[in-house]
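Results of the structural survey
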Amino acid sequence: MLGQYLPVVVLLILAFLFAALSFVASRLLAPRRPHDRKAAPYECGIIPGRETPERFPVRFFLVAMIFIVFDIEIVFLYPWAVAHGGLGLFGLVAVLLFSLAVFESFVYLIGNGALEWGPVRRVRHAVSPARTSTSTIRRAGVREVGLEGRTIGDESGRAA
Amino acid sequence: MENLLDGWGITLATFSPLVGVAVMMLIPKEREDQHKLIALVTSLWVAFVGVLLLIWFDLDHTDKLQYVVDKVWIDVISSRYAVGIDGMSLPLILLTMLVVPLCIVYSWNHFPDPVNPKAFLILILILETGMIGTFVAQDLVLFFVFFEVVLLPMFFMIAVWGGDDRRYASLKFFLYTLFGSALMLVSFLALFFLTGADTFTFSGLADAVAAGGVSRNAQLWIFGGMFLGFGIKVPMFPFHTWLPDAHTQAPTVGSVILAAVLLKLGTYGFVRIAIPILPEAAVSWAPWIGLLAVVGIIYGALGCLAQTDMKRLIAFSSVAHMGFVMLGIATLTDFGINAAIMGMVAHGLITGMLFFLAGSVKERYHTLEISRLGGLLVQAPRMGWIFGFCAMASLGLPGLAGFWGEFPAILSAYNPGNGVPVETFRTFMVIAALGTVLAAGYLLWLLQRAAFGTPPEEFADDPHITDTTKHEWISWAPLLALIVAIGIYPNLVFRVTDGAVDASLTPCLSVEGEAAEKLDCAEVYKIGHDDGHGDGHDDDGHGDEHDDEHDDEHAASGN
Amino acid sequence: MLAVATPEVLWWALLPVLFLSVGGLLLLTVASLVRRLPDWLPQAWTVVTGLAVLVACVPMWCEVRDEGPRTTLAGSVAVDGSTVLVTAVLAAVVVAVALLARPYLRREDLPGVEVYVLLMLSAAGGVVMASADDLIVLFLGLEILSIAVYVLAALHLRRIESQEGAMKYFVLGAFASAFLLYGMALVYGATGSTRLALVAEHLSATVLVDDSMLLAGIALLLVGLAFKVAAVPFHAWTPDVYQGSPTPVVAWMAAGVKAAGFAAMVRVLVTSLGTHASDWAPPVGVLAVASVLVGAVVAVLQTDVRRMLAYSSVAHAGFLLLGVQAADADGTAAVYAYLVVYALLATGSFAVLTVMGGDGDAAHHLDDYRGLARRRPVLAGAFTLLLLGQAGVPFTGGFVAKLGVLAAAVADRGYWVAGLAMLGAAAAAFVYLRILVSMYLEDPDAEAADGSTGPAVPLGARVVIGVACAGVLFVGLVPGPLLDLARDAVPVLVGS
């Protein structure tokens, strides 16, 4: 029964061997003359003074997640579409409920500005408005991250 | 047995302290006088109820549970609110009811730091409920509940009002006891399920065991679990180490209650629960209990000789005295167990008294270092004499209560019960007798060092050192009087206990017999069989001869 | 085209799930569309939803009691006493957590709607999980419950511990879910069905020649479920998550998630795989003892009260397992009684912790409780009662609960298990005692002592703590009703 998987296994072994051989060959054949300048990441010819941070907007993640939401919806809609004749009204209502729930997450994302690419709008008060660049930088690296913006928290807490 | 208290007297006595507690909770703690008054009135009321219980107690039928209440409590687990008093529990209940008001009087004007009389008195009253409840409970779950209720107030009493090392001592006390009772609870449950009984009541379980529901091996294990639970509370030899710490660190009143009543919960558990319900296992365990008891006697006595702290010395003497009690119990004879109960009462009175004295000494000298004390007879002659009197009572001077606890216990070991190895117990007897000599040694030595001689220089002109005060007199006089009274006329106790002890042993050693008969609920409480062995016991004519007679009977009944 | 047979639906039986999920989604929609929602609204909505579920439980209970248990949705959802009882517990905890959450969120300056939404959704998952009569549905419920809780754990945006805890919880939880799923697959492979009733039927009707696949499946199921209920050795996430998560959420984890987890465990192991109890009961017994001992002993070493309670919750899980390993109706009833009591105790205790946390939810060191009895006598008194309840002191619900599971274990001849567990209980009592000692015996810090009266106790917390204390006392004094209830809640499998 497992015989039908044999070609896959063979292919797997071949691929592994090819990769391994390539590495070994390059290690054996290539001349090795390491150099600082060569090892450094390229930054317009300037020797970097520190580790370069990699930054890109978190919104990419959000878009990816929205994609997944709809992707999942499609995955479920497809089999329903194939069988909807047999499922009848029951199936229709069920899939509508399901779509509603999925769409709900989209509404939430929109409501929270997930698709706004313009100038940054402050998304609610996820971070205390009293938090300034100075306070953030001064506190950075301190373990007690939760203490930032404490003053304002205090005031509102007292007011409560 | 028509009387006013029938049916609710015990409940009244047990839960009255809680009513006092509830009232005190409502009063702000600044009003100290009110708190003291309420606590005193409550405890006196309980004592009054106790006296009524005694008055209406049918002394001719001490073997019968009286004032019985038997109601459904937690139906799902077949636990019942079953309470009752018989001759075995009556002396201990009265002891409790006596000691508590005395403690309240004693601490009237000098509460230990941090003062807070409200909390202190509330704890004492909760303790009283727990202690009385334990003595009256006739249902294992109920018993366990009360047994545990005692634990927390005592813990807090030591932990809050105790000496410098109070946290260590209180935790040690708490953990030891809790570990013991944890295993005890498992034993109780195992007993219940193995017997297949439909009730947790003592008599119901005893009948079920007698009917042969439990294998001998299982009985041994169950007894072992109970042994740990009760033995730690007593405390018996290897488990005793919490006691000196707890006593030394506890406030005076805490020590008194601990010595006078709490230790008895353990021994009472043996005579009330472990032995009557599991007679076969008791016979097998008896030599080991006896061994640990005599080791405790000797170890406690030697420990006393090595102590430099007066309170610690008294604590170790407790270990020794409870050893005598356990030896009496281990003989599994009517005589021995009577002696044990007498020993409990006597120890409660005498050692309670000694701890009172230690507290008063501490208050005057601010130390209990024996080497720094001396000349108590010179500086405070009355107190010195009381101290001497109590030391004499404690070492078992004939004519005082202590004698009737120790001497019969030793004597009973000469002729232990059916199935218990005689030679072993005779050896124990000799060793225990040596223990009394040691007891005389350490107590007289203590007396000599603390009371005789001239006062040490540092205290010579100390104006704080006064003689016995009014509060001390009030709280001590009843104890002293009882020590003498019981010493002169031990029948005060024996008359009450004898019938009950006899009854508790009867179904044990005659196993097989009528026990298998199905009895209905009301009759279940008549543990003993009035017809068979009851006669001839109301006069205290028990001696060796008498016990032999008993043994023959047991042997005859096919044991 | 062939018409597919669509299942019968007992709508009344699904009301709790519908209330909770629709309630959650509605709240989410409204909050997304309306810019400025008054902050009392989400809380009020959640409380109303929770209460509605509680109310719906009453007729359900009567129906089930009078008409007998049944299943719906093609035999995949059970409608029996267990379902209703656990649903009621979950709903009550939801109400309690919602009451705690608003003052907490305001104090911590956190966004206000998501907590409630996730809470309701996770409760919906819990209800599904507790009522699942089919392994797939069980998994579905478990995931709904878990994913919502992962997010809830991370909700305190500014506490790095919150993020850390959530991350650990998520990674380990996903791992455990995988185990569970694989276990389900193996059980399916061995018995040919995922429906619990059919599994049981199959196992009682046939003797498996080689039951290694079934046993492996049971083992993996056990691992997955043991993770959810935080039993040793699958408890490693507990202290970190309990320490990091927002405290009201911890109340939900301790009371709600555990209840749902045990309901599912009982249904799968005892009810469905009961024929193989001799195979799974001993390992469960070992887990029970290990949980009690490790939970108790390690808790002794902690100095953070939340970590202490986290380990103590591990010990409680051990006690619950003690009831499970008895593998009979008595044990199961004891588990349900324990669950109800523990829900009271945990909710109440963590309500106290929520109040005590102070700004930043950081003041949970044992030292922060010093002298609380002097600063806040009532709060300290309530906490005392709850801790004593957790310790199993007589006259509190804890005693009744412990006695129940212990009795079940002993009745099942599990003397060693019971004995060891009791030793653990004694050690655990020491933990609660440490907190008591701190509250009553130690002087407050100089800083805390001058003039401060201790933390403010918001109304919601007062209600929760008060109700929890009253419940614990009531069960302790009058245990009958709860025990009867638990007895009626023992799950029943209704065949096809």
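Since this is a predicted model, take the numbers as computed values, not measurements.

Quick notes on the rules
Residues numbered from 1 in each chain as written. Chains lettered and ligands numbered in written order. Predicted model: local features only at pLDDT ≥ 70, side-chain atom pairs only at ≥ 80, totals over all residues. Helix = DSSP H or I, 4+ residues; strand = E, 2+ residues; numbered from the N terminus. Contact = placed C-beta atoms within 7 Å. Rg over C-alpha atoms; globule rule 2.2 N^0.38 Å. Buried ≥ 20, exposed ≤ 12 C-beta atoms within 10 Å, placed from the backbone. Core = buried A, V, L, I, M, F, W, Y, C linked by C-beta atoms within 7 Å. pLDDT = per-residue confidence, 0-100. Pairing = 2+ DSSP bridges.

1. Some details on the overall build of chain B
The helix and strand tally for chain B stands at 23 helices and two strands. Sequence separation of at least 24 residues holds for 79% of the intrachain contacts in chain B that already meet a minimum separation of 6.

2. Regarding the overall build of chain C
Assigned secondary structure in chain C consists of 20 helices and two strands. For chain C, the C-alpha radius of gyration of 22 Å lies close to 23 Å, the compact-globule estimate for 496 residues. Taken along the three principal axes of its C-alpha coordinates, chain C extends 75 × 60 × 40 Å. Taken over 496 residues, chain C has a buried fraction of 66%. Sequence separation of at least 24 residues holds for 82% of the intrachain contacts in chain C that already meet a minimum separation of 6.

3. Some details on the nonpolar core
Counting 430 residues, the largest nonpolar core has C:A337 and C:L406 as its most contacted members. Residues in contact with C:A337, not counting those within four places in the same chain, are C:V400, C:A401, C:G404, C:L482, C:L483 and C:A486.

4. A look at the interface of chain C and chain B
On the chain B side, the residues contacting the 25 residues of chain C number 23 residues. Listing elements by their share of the side of chain C that touches chain B, those giving two or more residues are α16 (397-411), α17 (415-441) and α20 (480-488) of chain C. Here the side of chain C that touches chain B gets 13 residues from one element, more than from any other, and that element is α17(C).

5. Some details on the confidence of the model for chain B
On average, residues of chain B score 82 in pLDDT, and 89% of them reach the 70 mark or higher. Contacts for the low-pLDDT stretch residues 510-559 of chain B, under 50 throughout, to residues beyond four places or in other chains number 65 contacts.

6. Re the environment of C:L73
The topology assignment puts C:L73 in the loop between β1 (70-72) and β2 (77-79). Sequence separation between C:L73 and C:A197 is 124 residues, and the spatial gap between their C-alpha atoms is 14 Å.

7. What about helix α10 (residues 242-249) of chain B?
Among the eight residues that make up α10(B), eight are buried, leaving the element largely enclosed by the rest of the structure. Residues B:W242, B:L243, B:P244, B:D245, B:A246, B:H247, B:T248 and B:Q249 constitute the buried set of α10(B).

8. Examining the pairing of strand β1 (residues 66-74) of chain B
Residue and element names in this part refer to chain B. When β1 meets strand β2 (residues 79-85), the two strands line up antiparallel, connected through six bridges. Following the sheet pairing, V69 is matched in β2 by V83. The hairpin turn running from β1 into β2, its antiparallel successor, is four residues long, and S78 in that turn takes a positive phi close to 60 degrees.

9. A closer look at the confidence of the model for chain C
The predicted coordinates of low-pLDDT regions are not to be read in fine detail. Counting all residues, the mean pLDDT for chain C is 89, and 97% of those residues have values of 70 or more. Quick note on the complex model: pTM equals 0.82, ipTM equals 0.81.

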